[in-house]
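Breakdown of the fold
Letter by letter, the chains look like this.
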Amino acid sequence: MGNTLSCLQWTVRDLKNDISSQAAPARRAVLRGLALSGLSVAVAACGSTAGQSATAAGTTAPTSTLPELPKTPDGALQRLMAGNERLLTNKALHTQTLEGIRQHATGQSPYAQVFGCADSRVPVEAVFDEDFGDVFVTRTAGNVLSDPTVGTIEYGVVALNTPLIMVLGHQNCGAVKAAVDAMKDPGKTPPGALGALVSALVPAAREVKDRGDDIYAAALEAHIRKTVATLEANPVVKESVAAGKLRVVGAAYDLATAKVTLYQ
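Residues numbered from 1 in each chain as written. Predicted model: local features only at pLDDT ≥ 70, side-chain atom pairs only at ≥ 80, totals over all residues. Heavy atoms only, no water.

**A look at the sheet that holds strand β2 (residues 135-139)**
For the record, the criterion: Only strands that DSSP links by at least two bridges are regarded as paired with each other. Helix and strand labels come from DSSP, where a helix needs a run of H or I of at least four residues and a strand needs a run of E of at least two; each type is numbered from the N terminus. Structural elements are reduced to axes, namely lines fitted to C-alpha atoms, with helices fitted over the stretch in contact, and the angle between N-to-C directions of any two is expressed from 0 to 180 degrees.
With mixed pairing, 5 strands are arranged side by side in an open sheet as β2-β1-β3-β4-β5. Each having just a single partner strand, β2 and β5 (260-263) make up the two edges of the open sheet. Between one strand axis and the next, the sheet turns by 30° as a mean value, whatever way the strands run. The pairing of strand β1 (residues 112-116) with β2 spans 5 bridges and is parallel. Each bridged residue has a counterpart across the sheet, and for Q113 the counterpart in β2 is F136.

See the structure below:
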């Protein structure tokens, strides 16, 4: 702004010198033209020059108006949900750029963990409108836990001090559907490692076997709640939860609307 005003002052001074050197009729014509267009052109030119100077100096406009990353469980949850709300209202603040990658290359300090499904339609940073380094993400198909997965989540608690873990499932999950089908007919259980993954979801499907047409959504919720309970019972997680430094929550993402709904 200061550069623009300085530039404009010089431009107006030069115009005055030009005008004063002309006869009265000419001066009136120049002033009339200046009022109509000349000053706006001068301002635009000065603004462009100032912008070029700022770029040359290596300054960039802020890409986010968000406050400092939260340090508490409640603050972290509020920020995640606010990010999803920005996505829903087309007011996203973050874009993925090479410059953003470079800015975060030397370290990370995520304010939350999200344990999500591997489904390619659920990109966690986009779902919550977050930047590189803001969210520590672990994903497996159907949100199925294993020792290495739990170890990854423990790392987020112990090494990164994340105050929140969100277990994020999604509607129309293929793994959940496969588990419901296998519950109804064990012969439909896939072979090998995929079968082990599906079998891990079958207990949740059995819990809600009488839910009729709503069985898939109900099985998803039952499984997410079980996963939350399993993580809360983990010794590392349990200690931090007891100290008030960590919270574990469950939620579901709707593929059609992009809305995240918490399981209260």
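After that view, the rundown keeps rolling.
**Focus: the pattern of salt bridges**
For clarity, the threshold we go by: Each reported salt bridge corresponds to a side-chain nitrogen of Lys or Arg within 4 Å of a carboxyl oxygen of Asp or Glu. Burial classes follow relative accessibility: with a 1.4 Å probe on protein chains only, a residue under 20% of its type's maximum area counts as buried, one over 50% as exposed, and anything between as partly exposed.
Summed over all chains, the structure comprises 9 salt bridges. Between D119 and R121 there is a salt bridge; the shortest N-O distance is 2.7 Å. Judged by its relative accessible area of 47%, R121 is partly exposed.

**Overview of the pairing of strand β4 (residues 247-253)**
For β4, the tally of buried residues reaches 6 of 7 residues, placing the bulk of the element in the interior. Where strand β3 (residues 164-170) lies against β4, 7 bridges are found, and the strand directions are parallel. The residue of β4 that forms the bridge with H170 is Y253.

**Some words on the nonpolar core**
In a soluble, globular protein the nonpolar side chains are often hidden away together inside. Just so we agree on the cut-off: We define a nonpolar core as any set of buried Ala, Val, Leu, Ile, Met, Phe, Trp, Tyr and Cys residues linked to one another through side-chain atoms lying within 4.5 Å. It only takes one pair of heavy atoms within 4.5 Å for two residues to be counted as in contact.
Grouped together as the largest cluster of nonpolar side chains are 33 residues, with contacts concentrated most on I165, V167, V176, V180 and V248. Contributing elements (two or more residues each) for this core: α6 (147-158), β3, α7 (174-184), α8 (192-207), α9 (215-233) and β4. Considering every element that reaches this core, the biggest residue donor is α9, with 8 residues. Dropping the residues within four chain positions of it, V167 is found in contact with F115, N143, I224, T227, V228, L231, V248, V249, G250 and A251. A76, L80, M166 and A258 belong to the second largest nonpolar core, which has 20 residues in total.

**Some remarks on α8**
Keep this limit in mind: A residue's bend is given by the angle between axes fitted to the 7 residues ending at it and the 7 residues starting at it.
At L201, α8 shows its maximal kink, close to 30°; a proline, P203, follows between one and four residues later. Buried within α8 we find G195, V198, L201, V202, A204 and A205. In this structure, the buried side of α8 is in contact with α7 and α9.

**Quick word on the confidence of the model for the chain**
What counts, and what does not: pLDDT measures how confident the predictor is about each residue, on a scale from 0 to 100.
When the pLDDT values of the chain are averaged, the result is 82; 75% of them are 70 or greater. Every residue in residues 1-63 scores below 50 in pLDDT, and together they form 24 contacts with partners more than four places removed in sequence or on other chains.

**Observations regarding the packing of aromatic side chains**
Defined as follows: Any two rings among Phe, Tyr and Trp, with Trp reduced to its six-membered ring, count as a pair given centres within 6.5 Å; such a pair is stacked if its planes are under 30 degrees apart, edge-to-face if over 60, and tilted if neither.
In this structure the tally under the stated criterion is 1 aromatic pair. A centroid spacing of 6.0 Å and a plane angle of 45° characterise the contact between F136 and Y155, whose relative ring orientation is tilted. Here F136 is found in strand β2, whereas its partner Y155 is found in helix α6, with 19 residues between them in sequence. Take Y155: its relative accessible area is 43%, and that puts it in the partly exposed class.

**Some points on the side chain of D119**
Position of D119 among the secondary structure elements: in the loop between β1 and α5 (124-127). Relative accessible area serves as the criterion here: at 15%, D119 is assigned to the buried category. In contact with D119, other than residues within four places in its own chain, are R139 and H170.

**Points about unusual backbone geometry**
Its identity is not glycine, yet N90 carries a phi of approximately 55°, on the positive side. With respect to the helices and strands, N90 occurs in the loop between α3 (73-88) and α4 (98-103). Assessed through its relative accessible area of 75%, N90 is described here as exposed. A positive phi angle is found at N172, which is not glycine, with a value near 60°. For N172, the location among the structural elements is in the loop between β3 and α7.

**Things to note about the pairing of β5**
Residues in a regular strand point their side chains to alternate faces of the sheet. Note: β4 against β5, 4 bridges, orientation antiparallel. Looking at the pairing, G250 lines up with Y263 of β5. The turn linking β4 back onto β5 is made up of 6 residues, and A258 within it adopts a positive phi angle of 75°.

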